[in-house]
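Understanding the architecture of this molecule
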Number of protein chains: 2
Amino acid sequence: MSNCKEIRIVDIAKMAGVSVGTVDRVIHNRGRVSAANYTRVMTVLKEVDYRPNMVARSLASKKVYHIVVIIPAYAPGEYWEYISRGVDRAVEDFRQYHLSVTKLYFDQFNEASFESLLRDIKLDEVDGVLLGTLFYDLVCSFSKELDARKIPYVYVDSDIPGERRMAFIGTDSLVGGQIAARILFRNITKEADILMARIVHTGAESTQAKNRLSGFNAYLTSIDYKGCMYRVDLDLSDDRHNYEILDAIFHEHPNIKAAVIFNSKAYIVGEYLKNRNRKDISLVGYDLIEKNAQLLEEGYIEALIDQRPRMQGYMGVKLLCERLILNGEIGNNNLLPIDILIKENYKFSETY
Amino acid sequence: MSNCKEIRIVDIAKMAGVSVGTVDRVIHNRGRVSAANYTRVMTVLKEVDYRPNMVARSLASKKVYHIVVIIPAYAPGEYWEYISRGVDRAVEDFRQYHLSVTKLYFDQFNEASFESLLRDIKLDEVDGVLLGTLFYDLVCSFSKELDARKIPYVYVDSDIPGERRMAFIGTDSLVGGQIAARILFRNITKEADILMARIVHTGAESTQAKNRLSGFNAYLTSIDYKGCMYRVDLDLSDDRHNYEILDAIFHEHPNIKAAVIFNSKAYIVGEYLKNRNRKDISLVGYDLIEKNAQLLEEGYIEALIDQRPRMQGYMGVKLLCERLILNGEIGNNNLLPIDILIKENYKFSETY
DNA sequence: ATGTTTGATGTGTGCGCACACACATTTGTT
DNA sequence: AACAAATGTGTGTGCGCACACATCAAACAT
């Protein structure tokens with residue numbers, strides 16, 4: 001079925017009428033090969049579609065590949081923890097290949113922390129970067145620097161299409177927003193009002209959230225939505241404040257039948273609904289983090305839209321490995337599936 | 001972060017005061033080691049948590065692992081094709097590890113074909129088996145034989161819990177049924193009638209389908225369903241016959257608002273609905289095969305419940321590899337996530 | 001002319017392991 | 001007792017490759 005005899009360097013050497021050293025030089029572009037021999041070896045390589053034995057290569061090579069993972073610091077149970085776990089998993093899977101992964105954390109609410117972190121990286125010792133793309137401008141300038149040094153880098157979470165990233169790993173946020181709308185409108189009529197809660201901590205709203213809103217709105221337009229969307233800004237830690245706001249808006253607009261939050265903090269509204277004992281509001285949020293899972297189980301969150309964070313982390317490292325070690329070209333767009341998680345199926349999520 | 005100096009066999013040997021040969025014999029249980037040295041080496045192995053360098057091992061070893069994959073033959077675009085693709089992907093990923101995978105196909109509508117296929121396998125040359133569990137009794141007796149020979153085997157698709165399979169890879173069919181019900185009842189009231197179509201080809205109904213029905217019924221009970229379920233048997237290839245039956249039942253019971261099919265053939269009803277231009281029936285089925293995808297896109301299938309067939313195939317081979325090569329113990333239950341696919345998200349499915 | 005740099009090429013060693021084999025020791029047999 | 005068989009133990013080789021090094025010829029400078 002598979003294998004058979006693989007072609008080795010010695011075979012190539014014999015075929016091309018040179019020594020293994022020459023073949024080696026050609027393969028690794030080390031120079032010091034005459035033009036005649038170079039083409040001769042290249043011809044043979046192409047002819048037999050030579051694929052190096054990675055196992056032997058990895059055993060012989062002393063080269064250690066340094067991959068830097070730059071993501072926000074996270075508290076236990078938060079979204080980025082799952083991405084981080086995916087990275088860990090990949091490290092375990094590829095530990096034999098002389099892989100060294102260093103995780104660097106910045107404060108996602110503090111752009112300066114990201115900036116100083118970037119400044120402190122000694123890029124001379126870095127072979128690849130996995131980058132959480134939260135701060136648009138800084139990511140762009142950093143990308144330019146990586147371009148200049150020819151260090152491959154992969155974006156995770158949300159994409160910045162203009163840049164020369166080797167790959168983007170994540171979901172299509174626009175579609176993610178459409179799906180939220182689609183789910184909501186299974187439960188409510190197009191005349192019902194909808195609450196959209198934003199969770200503010202700093203002034204900035206993430207690109208993700210913006211794109212999701214766009215997708216959501218696109219869906220509303222497509223079904224000729226007749227209701228009204230109300231927006232509230234909640235605080236990540238001030239529950240009393242949030243409850244006041246939510247009480248007010250629900251009282252003022254009794255026609256609100258659904259709520260949506262475009263980041264992973266749906267539990268803030270979910271816990272409110274639980275406290276007020278209201279199951280008449282269809283709440284849809286994003287990302288299966290612990291607090292959301294609990295509320296999904298109890299029925300206060302209708303559905304969560306998940307983007308397989310562990311797989312994101314895993315694939316990020318895997319792609320960099322394949323690029324660095326295999327030297328292989330890979331597709332530069334790895335849109336991951338968008339999962340719809342409900343009470344029944346969330347438990348099985350992310351086996352990988 | 002990771003790596004550092006790994007402990008090698010020579011290190012172990014030095015620590016235990018023996019030669020590498022002795023350590024090797026202990027590691028591989030080849031015998032010919034005195035009790036004293038055995039325990040001494042074992043102690044050291046445990047102490048340092050020795051983890052063999054799989055890269056070196058694989059390079060040195062000439063042993064080829066033969067894995068046999070036994071699944072139904074499939075036409076292009078059918079369900080088992082996706083499982084097969086997952087197997088292929090795994091073969092590619094692990095090709096360096098002296099892996100030989102042989103796929104054997106049987107006729108899923110002909111038990112005898114499965115039986116004769118099993119009989120012809122020369123088990124002496126087989127190191128692991130991935131087995132599609134369609135024919136209960138034959139799978140059981142074959143499993144006994146594999147037990148006797150201590151050949152690890154993995155079930156794929158549906159489980160037979162009594163057996164000593166190394167692992168089962170697939171979804172929880174019961175939950176799969178519940179989810180179908182859950183989705184339907186977002187669109188219909190609990191007074192509406194439901195059509196359940198079975199696709200007959202042989203008399204047998206799959207365990208999968210039975211379990212899904214159980215889960216579906218459990219959900220009906222839980223919500224105190226007031227409507228009526230009608231069952232029809234359709235033919236896989238006789239469209240005219242199917243249309244007559246469907247016309248009749250829909251005419252006779254206009255209160256039917258939804259339909260469910262517990263295998264991958266939802267397209268049979270979906271195509272009927274398309275032909276009759278009816279979008280008022282909520283149709284839910286299983287598995288993202290080509291024909292279903294088309295109807296999902298066009299809106300004649302409301303949702304598909306997917307069981308990540310490619311991942312099933314991939315993980316099946318991967319688990320066997322890890323067991324054979326790593327010799328590692330692995331969890332014996334690998335329930336995969338159940339995906340809810342709708343028009344918006346099906347396109348991204350199964351990137352892996 | 002002789003030394004010196006430079007480029008082109010081949011050879012040798014070791015990565016960590018599996019496994020064959022040589023050798024040493026004990027046990028069993030008549 | 002002698003000698004075979006079984007059991008214990010260490011050494012050596014090679015898997016396919018990367019990379020340091022040795023070799024050798026040609027080009028250049030003094």
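Sequence positions are assigned chain by chain, starting from 1 and proceeding in written order. The naming scheme follows written order: chains are lettered A onward, ligands numbered 1 onward. With the structure being a predicted model, the display of local features is reserved for residues of pLDDT at least 70 and the display and counting of side-chain atom pairs for 80 or more, all residues being used for whole-chain, interface and lining totals. To obtain the side-chain values, all non-hydrogen atoms of the structure were included, while hydrogens and water were left out.

1. Structural notes on the protein's contact with DNA strand D
- Neighbouring residues of DNA strand D: 25 residues in total, closest Ile 9, Tyr 50 and Arg 57 of chain A together with Arg 25 and Ser 34 of chain B.
- Residues are labelled near a given molecule or strand when at least one of their non-hydrogen atoms is within 4 Å of it. A breakdown of the atoms of DNA strand D within 4 Å of the protein gives sugar and phosphate a share of 68%.
- Within the backbone of Ser 19 of chain B, one N or O atom sits 2.8 Å away from a phosphate oxygen of DNA strand D.
- By the criteria applied, helices consist of DSSP H or I runs no shorter than four residues and strands consist of E runs no shorter than two, each listed in order from the N terminus. Of all the elements in the fold, those that place two or more residues in the surface near DNA strand D are helix H4 (54–60) of chain A together with helix H2 (20–27) and helix H4 (54–60) of chain B.
- The leading source of residues in the surface near DNA strand D is H2 of chain B, at four residues.
- Residues of the surface near DNA strand D, tallied by class, amount to 10 nonpolar, eight polar and seven charged. Distance and chemistry together define a polar contact, namely a pair of N or O atoms within 3.5 Å, with one atom able to donate a hydrogen and the other to accept it when in protein, and with adjacent residues in sequence counting only for side-chain atoms on both sides. Residue polarity is assigned by list, with Asp, Glu, Lys and Arg as charged and Ala, Val, Leu, Ile, Met, Phe, Trp, Tyr, Cys and Pro as nonpolar; anything else, Gly included, falls into the polar class.

2. Examining the interface of chain B and chain A
- Any pair of residues with heavy atoms lying within 4.5 Å of one another is described as a contacting pair. On the side of chain A, 52 residues touch chain B, which itself brings 52 residues to the contact.
- Summed over both partners, the accessible area (1.4 Å probe) lost when two parts come together is defined as the buried area. With both sides pooled, the region where chain B packs onto chain A buries about 4600 Å², and carbon together with sulfur makes up 55% of that total.
- It is Val 55, Arg 186 and Phe 348 of chain B in chain B that bury the most area against chain A; as a group they hold 16% of the surface buried on that side.
- Salt bridge criterion: a side-chain nitrogen from Lys or Arg within 4 Å of a carboxyl oxygen from Asp or Glu. Inspection of the chain B/chain A interface yields 10 salt bridges.

3. Description of the sheet that holds strand S12 (residues 339–341) of chain B
Residue and element names in this part refer to chain B.
- Two strands pair if DSSP finds at least two bridges between them. In space, the six strands of this open sheet follow the order S7-S6-S8-S9-S10-S12, with mixed pairing throughout. The open sheet has two edge strands with one neighbour each: strand S7 (229–235) and S12. With direction set aside, neighbouring strand axes in the sheet form an average angle of 20 degrees.
- Axes here mean lines fitted to C-alpha atoms, for a helix over just the part in contact, with angles spanning 0 to 180 degrees between N-to-C directions. On top of the sheet, helix H12 (residues 290–298) reaches strand S9 (282–286), strand S10 (303–306) and S12; it is set at about 145 degrees to S10, its chief contact.

4. Here we look at the confidence of the model for chain A
- The pLDDT averaged across chain A works out to 92; a share of 95% of its residues lies at or above 70.
- Ranking the helices and strands of chain A by mean pLDDT puts helix H11 (residues 266–275) of chain A first, with 98, and strand S11 (residues 333–335) of chain A last, with 77. Values of pLDDT, ranging from 0 to 100, describe the predictor's confidence in every residue of the model.

5. Section: the relation of the copies chain B and chain A
- For this overlay, a least-squares fit was computed on C-alpha atoms, restricted to residues scoring pLDDT of at least 70 in both copies. Laying chain B over chain A is done by rotating through 180 degrees and shifting 0.1 Å along the axis; what remains is an RMSD of 0.1 Å. Interpreted geometrically, this transformation is the action of a two-fold axis.
- Most of the interface of chain B is mirrored in chain A, where 100% of its interface residues again form contacts.

6. So, the packing of aromatic side chains
Residue and element names in this part refer to chain A.
- Any pair of Phe, Tyr and Trp rings, taking the six-membered ring for Trp, is counted once the centres come within 6.5 Å. Such a pair is stacked with planes under 30 degrees apart, edge-to-face with planes over 60 apart, and tilted for the rest. Tallying each qualifying case throughout the model produces 26 aromatic pairs over all chains.
- Judged by centre distance (5.9 Å) and plane angle (80 degrees), the rings of Tyr 79 and Trp 80 are edge-to-face. When sorted by exposure, Tyr 79 lands in the same class as Trp 80, which is buried.
- Pairing Phe 185 with Tyr 219 gives two aromatic rings, centres 6.2 Å apart and planes at 25 degrees, and the pair type is stacked. Of this pair, Phe 185 sits in helix H8 (residues 173–187) while Tyr 219 sits in helix H9 (residues 207–222); the two residues are 34 residues apart in sequence, bridging distant segments of the chain.
- Accessible area is worked out with a 1.4 Å probe on protein chains only. A residue is then buried under 20% of its type maximum, exposed over 50%, and partly exposed in between. Owing to a relative accessible area of 14%, Tyr 219 belongs among the buried residues under this scheme.

7. Some points on the pattern of salt bridges
- Taken as a whole, this structure holds 40 salt bridges over all chains when the rule is applied.
- Of the charged contacts, one joins Asp 159 of chain A and Arg 165 of chain A as a salt bridge, the two residues approaching to 2.9 Å between their closest N and O atoms.
- The class of Arg 165 of chain A is buried, set by a relative accessible area of 9%.
- Three or more residues are tied together by salt bridges with common partners; here these are Arg 308 and Asp 339 of chain A together with Arg 308 and Asp 339 of chain B.

8. Digging into the pairing of S7 of chain B
All names here are of chain B.
- Burial along S7 is one-sided: the residues Tyr 230, Val 232 and Leu 234 are buried and none of Met 229, Arg 231, Asp 233 and Asp 235 is.
- In the sheet, strand S6 (residues 193–200) pairs with S7 via seven bridges, with the strands oriented parallel. For Ile 199, the partnering residue across the bridge sits in S7 and is Leu 234.

9. So, the protein's contact with DNA strand C
- Taken together, 24 residues are adjacent to DNA strand C, and Ser 19 and Asn 37 of chain A together with Ile 9, Tyr 50 and Arg 57 of chain B come closest.
- By atom count, sugar and phosphate contribute 67% of the portion of DNA strand C lying within 4 Å of the protein.
- Between DNA strand C and the protein, one listed contact pairs a phosphate oxygen with a side-chain N or O atom of Asn 37 of chain A at 2.5 Å.
- Contacts to DNA strand C include Arg 30 of chain B, whose side-chain N or O atom sits 2.9 Å from a phosphate oxygen.
- Listed by contribution, the elements that provide at least two residues to the surface near DNA strand C are helix H2 (20–27) and H4 of chain A together with H4 of chain B.
- In terms of residue class, the surface near DNA strand C is built from 10 nonpolar, eight polar and six charged.

10. As for the domain arrangement of chain A
Residue and element names in this part refer to chain A.
- As used throughout, domain bounds are those supplied by an automatic or database domain assignment. Partitioning chain A into domains gives domain 1 (4–51), domain 2 (60–170 + 309–336) and domain 3 (173–306).
- Each partner contributes to the interface: domain 2 provides eight residues, whereas domain 3 provides 12 residues.
- Summing the contributions of domain 2 and of domain 3, the shared interface buries around 840 Å²; its carbon and sulfur component is 55%.
- Across the contact surface, domain 2 and domain 3 share zero salt bridges.

11. So, unusual backbone geometry
Residues and elements named next belong to chain A.
- Non-glycine residue Asn 29 carries a positive phi angle of around 55 degrees.
- Positive phi, close to 60 degrees, is recorded for Asp 224, a residue that is not glycine.
- Looking at where Asp 224 falls in the secondary structure, it is placed in the loop between H9 and strand S7 (229–235).
- Since its relative accessible area comes to 42%, Asp 224 is described here as partly exposed.

12. A few points about helix H5 (residues 79–93) of chain B
Residues and elements named next belong to chain B.
- Expected span of a helix: the number of residues minus one, times 1.5 Å. For H5, spanning 15 residues, the distance from its first C-alpha to its last is 22 Å, which sits close to the expected 21 Å at 1.5 Å a residue.
- Within H5 the residues assigned to the buried category are Tyr 79, Trp 80, Glu 81, Tyr 82, Ile 83, Ser 84, Gly 86, Val 87, Ala 90 and Val 91.
- Residues of H5 that are buried sit in contact with strand S1 (65–72), strand S2 (99–106), strand S3 (128–132), strand S4 (153–157), H12 and helix H13 (309–326).

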